[in-house]
Amino acid sequence: MGREVSESCVESLVAEIVSSYCRGFYADKPELAAPRIEAIGFQVGHQLSERYTMDRPRFTDHLEAIKFICKDFWSELFKKQIDNLKTNHRGTFVLQDNRFRWLAHMSVDPSVETTGSIQDPSAMAENRAAQATGLHLYFPCGIIRGALSNLGIPCAVSADISNLPACSFVVRIKA
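The sections below set out a description of the structure shown in this document. (Residues numbered from 1 in each chain as written. Predicted model: local features only at pLDDT ≥ 70, side-chain atom pairs only at ≥ 80, totals over all residues. Heavy atoms only, no water.)

## Concerning the sheet that holds strand β1 (residues 84–87)
Either a parallel or an antiparallel arrangement is found when strands of a sheet pair, and the pairing is made through backbone hydrogen bonds.
Here comes step 1: The sheet built from four strands is open, its strands ordered β1-β2-β4-β3 with antiparallel pairing. Each edge of the open sheet is held by one strand with a lone partner, namely β1 and β3 (155–160). Adjacent strand axes in the sheet meet at a mean angle of 20°, parallel and antiparallel pairs treated alike.
Here comes step 2: As defined by bridge partners, β1 adjoins strand β2 (residues 92–97) across four bridges and the pair is classed as antiparallel. For N84, the partnering residue across the bridge sits in β2 and is Q96.
Here comes step 3: On the sheet, helix α5 (residues 138–150) packs against β3 and β4 (167–173) and is oriented at approximately 155° with respect to β3. (Pairing = 2+ DSSP bridges. Helix = DSSP H or I, 4+ residues; strand = E, 2+ residues; numbered from the N terminus. Axes fitted to C-alpha atoms, helices over the stretch in contact; angles between N-to-C directions. Contact = heavy atoms within 4.5 Å.)

## Points about the packing of aromatic side chains
Here comes step 1: Counted under the stated rule, the structure contains 11 aromatic pairs.
Here comes step 2: Ring geometry for F100 against F169: centres 5.4 Å apart, planes inclined by 75°, an arrangement best described as edge-to-face. With F100 in the loop between β2 and α4 (121–136) and F169 in strand β4, this pair connects stretches of sequence that are 69 residues apart. Each member of the pair, F100 together with F169, is buried.
Here comes step 3: Feature note: the residues W74, F78, F100, W102, F139 and F169 constitute an aromatic cluster, connected by ring pairs. (Phe/Tyr/Trp six-rings, centres within 6.5 Å; stacked < 30°, edge-to-face > 60°. Buried < 20%, exposed > 50% of the residue type's maximum accessible area, 1.4 Å probe, protein only.)

## Here we look at the pairing of β2
Within a regular strand, side chains alternate between the sheet's two faces.
Here comes step 1: Here β1 folds back onto β2, and the loop between the two strands holds four residues, one of which, H89, carries a positive phi near 60°.
Here comes step 2: Sheet analysis places β2 next to β4, joined by six bridges and oriented antiparallel. Opposite V94, over in β4, you have V170 as the bridge partner.

## What to know about the packing of helix α1 (residues 7–25) against helix α2 (residues 33–52)
Here comes step 1: Packing of α1 against α2 leaves a shortest axis separation of 9 Å and a crossing angle of 150°. The orientation of α1 relative to α2 falls into the category roughly antiparallel. Between α1 and α2 the crossing geometry is right-handed. Across from I17, V18, Y21 and C22 in α1, the residues of α2 making contact are A33, R36, I37 and I40.
Here comes step 2: For the contact of α1 with α2, a count of residues per class yields seven nonpolar, no polar and one charged. (Parallel < 35°, antiparallel > 145°, perpendicular 65-115°, else oblique. Left-handed = near helix turned anticlockwise from the far one by under 90°. Nonpolar A, V, L, I, M, F, W, Y, C, P; charged D, E, K, R; others polar.)

## So, the side chain of E38
Here comes step 1: For E38, the location among the structural elements is in helix α2.
Here comes step 2: On the basis of relative accessibility, which here comes to 14%, the residue E38 falls in the buried class.
Here comes step 3: Discounting residues that sit within four places of it in the chain, E38 has contacts with Y138, C141, G142 and R145.

## A look at the pairing of β4
Here comes step 1: The buried fraction of β4 is high, at six of seven residues.
Here comes step 2: Relative to β4, β3 runs antiparallel, the two being bridged by six bridges. Residue pairing in the sheet places A156 in a bridge with R172 of β4.
Here comes step 3: The turn linking β3 back onto β4 is made up of six residues.

## Structural notes on unusual backbone geometry
Here comes step 1: Of note in this structure, K79 is not a glycine but carries a positive phi near 60°.
Here comes step 2: Locating K79 in the fold gives a position in the loop between α3 (62–78) and β1.
Here comes step 3: K79 gets classed as exposed once you look at its relative accessible area, which sits at 52%.
Here comes step 4: At H89, a position not held by glycine, the phi torsion is positive, near 60°.
Here comes step 5: Locating H89 in the fold gives a position in the loop between β1 and β2.

Quick look at the structure:
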């Protein structure tokens, strides 16, 4: 029997990490919060990958490792596989999750101020939602990067939100 943590606890922990780094530790310099959040995710992904691949032989190529992330690793974390995997066969992979669990319950604090000159209230709300959601995605990007790093694949991971709660993670393998 594997050890598990309540999904709501994990969501609350991620929300608290983002809040603490953005409003607390780095309130003066919010650009420093994102790398710190991603670094925490990297450590988590590295350790989880170590645990989940303990009884497996090493992967022979990048595609095999990415497929492991999409199927087994994602299933352990989110109780479902990645919905779609695309590649250009030149080191770029797009992992599409049509209902990313950590974004399904996101809400935006209307009191958060935005910078810029957006006059349309719906556009302002959308901008706040994108900013808040974007900060929450540094953690899972770090998890993916940490897992792949543990598998011997150095990469950069970014996230793209097109329609909440859908999310795409773009993995670029470093040569």
